[in-house]
Amino acid sequence: MGKGGKGAEVATAVAGAGEEENMAAWLVAKNTLKIMPFKLPELGPYDVRVRMKAVGICGSDVHYLREMRIAHFVVKEPMVIGHECAGVIEEVGSGVKQLAVGDRVALEPGVSCWRCRHCKGGRYNLCDDMKFFATPPVHGSLANQIVHPGDLCFKLPDNVSLEEGAMCEPLSVGVHACRRADVGPEKSVLIMGAGPIGLVTMLAARAFGAPRIVIVDVDEHRLFVAKSLGADAGVKVSTRAEDMGEEIERIQAAMGAEIDVSLDCAGFSKTMSTALEATRAGGKVCLVGMGHNEMTVPLTSAAIREVDVVGIFRYKDTWPLCIEFLRSGKIDVKPLITHRFGFSQKDVEEAFEVSARGRDAIKVMFNL
């Protein structure tokens, strides 16, 4: 769990949390989730106990369910799933001053060490000792209650719902990408991929002031959704590499100006190659998605045009800005929540089936 709880300890809820048994959704085998008891650790002086109210399903959750691993992160024993979350404070540690029982909060899911050079340098998202919800062997947050550091729980304004609070996690990816790519009012932006991360990145780019945004995808429905959310144009492409030259011409024509920044939210050889070739000389390409572990891309062509290439890993210091974007109305994530489920065994199974199927599902949300 976020506080650093590891292993597969399945037991009744911690004493002091009331009569109720704390239940969680456990990944126990490939394609098998079970709701079982989840023992909470004792509350530390700087921790809070949060009753989960909204938890979203991420593509990584689905990937773990299908494969029991992502890259070198391998699920070797039962693990509580989930990391996009918000809830209500039910108990605070003696050292927590900024939060009180009853506060509605959005949770940042990664707990860094605060001792390494990355943490001390302000790039805590790169911490080698990060304890991140539902990244083995650390438990996640799809549970009745969890314990988490108070400084990673951010109070929500009255006009921001708990579901919107849970959406701060995927939105943070888009915000961090826009920061890394220097998106601003003078930058036209191309986004490769209109899946959930592509859509939140598009919303973030607009909030950062991008005057024109073109989004690209293989699916007509996703492009329709993107345009309904504010994309200036959508370009449908194929998965065939031989179509790339003609597609780049259509993308550039749709932009109607030079492409200053491209954000690849899919992460495949073709999408990254398209981004590199479509971006103007002296522009910037940010790799956001991780569809392929290895790619073949035209780096030489990009290098001689001085196209800068940057990557992102999760996010850092994004929750306050995400919450402000939501409070002010600069970003509206509500249309992205397409399906809602309760927290029964049947609900959990059906919700993951819907999320994995894709189609019209963008964000699937649990209401606990």
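All values reported here derive from a predicted model rather than from experimental measurement. (Residues numbered from 1 in each chain as written. Predicted model: local features only at pLDDT ≥ 70, side-chain atom pairs only at ≥ 80, totals over all residues. Heavy atoms only, no water.)

(A) Structural view of the pattern of salt bridges. Enumeration over the complete set of coordinates arrives at 20 salt bridges. The closest approach of N and O atoms between Arg222 and Asp217, which form a salt bridge, is 3.9 Å. When the shortest N-O distance is used, the salt bridge between Glu246 and Arg250 registers 2.5 Å. Of this pair, Glu246 and Arg250 both sit in helix α7 (residues 244-255), four residues apart, which is roughly one turn of the helix. Through salt bridges with shared partners, one network takes in Glu20, Arg49, Arg51, Glu90 and Glu91. (Salt bridge = Lys/Arg side-chain N within 4 Å of Asp/Glu carboxyl O. Helix = DSSP H or I, 4+ residues; strand = E, 2+ residues; numbered from the N terminus.)

(B) How the structure looks around the pairing of strand β2 (residues 32-37). Relative to β2, strand β1 (residues 23-29) is paired through six bridges, and the arrangement is antiparallel. For Ala25, the partnering residue across the bridge sits in β2 and is Ile35. Between β1 and the antiparallel strand that follows it, β2, lie two residues; Asn31 among them carries a positive phi value of about 60 degrees. (Pairing = 2+ DSSP bridges.)

(C) Expanded view of helix α4 (residues 168-180). In a regular helix each residue adds 1.5 Å, so 13 residues correspond to 18 Å; α4 covers 18 Å between its end C-alpha atoms and thus fits that length. Where burial is concerned, most of α4 is hidden: 11 out of the 13 residues are buried. By the burial criterion, the buried members of α4 are Cys168, Glu169, Pro170, Leu171, Ser172, Val173, Gly174, Val175, His176, Ala177 and Cys178. Trailing α4 by a residue or two, Asp182 shows a phi angle of about 55 degrees, which is positive. (Expected span 1.5 Å × (residues − 1). Buried < 20%, exposed > 50% of the residue type's maximum accessible area, 1.4 Å probe, protein only.)

(D) Fine view of the side chain of His139. By the element assignment, His139 lies in the loop between β10 (131-132) and β11 (145-149). Residue His139 is classed as buried on the basis of its relative accessible area, which comes to 3%.

(E) Structural detail: unusual backbone geometry. The omega angle of the peptide bond from Pro136 to Pro137 is 10 degrees, so this bond is cis rather than trans. Looking at the element boundaries, Pro137 is found in the loop between β10 and β11. Unusually for a residue other than glycine, Ala134 sits at a positive phi of about 55 degrees. Assignment of secondary structure puts Ala134 in the loop between β10 and β11. Since its relative accessible area comes to 3%, Ala134 is described here as buried.

(F) Spatial organisation of the sheet that holds β1. What the three strands build is an open sheet, ordered β2-β1-β6; its pairing is antiparallel. Both edges of this open sheet fall to β2 and β6 (79-80), since each of them pairs with a single strand only. Relative to the sheet, helix α11 (residues 345-357) contacts β1 and β2, its axis offset from that of β2 by approximately 150 degrees. (Contact = heavy atoms within 4.5 Å. Axes fitted to C-alpha atoms, helices over the stretch in contact; angles between N-to-C directions.)

(G) Representation of helix α5 (residues 196-207) within the structure. A rise of 1.5 Å per residue sets the reference length of α5, with its 12 residues, at 16 Å; its end C-alpha atoms lie 17 Å apart and thus fit the reference within 8%. All of the buried residues along α5 are Gly198, Leu199, Val200, Thr201, Met202, Leu203, Ala204, Ala205 and Ala207. Buried residues along α5 sit against α4, β13 (189-192), β14 (213-217), α6 (220-228), β16 (261-264) and α10 (319-328). Count one or two residues on from α5 and you reach Gly209, which has phi positive near 105 degrees.

(H) Fine view of the packing of aromatic side chains. Across all of its chains, the model carries seven aromatic pairs by this definition. With a centroid separation of 5.9 Å and an interplanar angle of 65 degrees, the aromatic rings of Phe208 and Phe325 are classed as edge-to-face. Here Phe325 lies in helix α10 and Phe208 lies in the loop between α5 and β14, a separation of 117 residues in the sequence. The class of Phe325 is buried, set by a relative accessible area of 6%. Linked through ring pairs, Phe132, Phe154, Tyr315 and Trp319 together constitute an aromatic cluster. Here Arg314 stacks its cationic end above the ring of Phe132, 3.8 Å away from the centre of that ring. (Phe/Tyr/Trp six-rings, centres within 6.5 Å; stacked < 30°, edge-to-face > 60°. Lys NZ or Arg CZ within 6 Å of the ring centre and 35° of its normal.)

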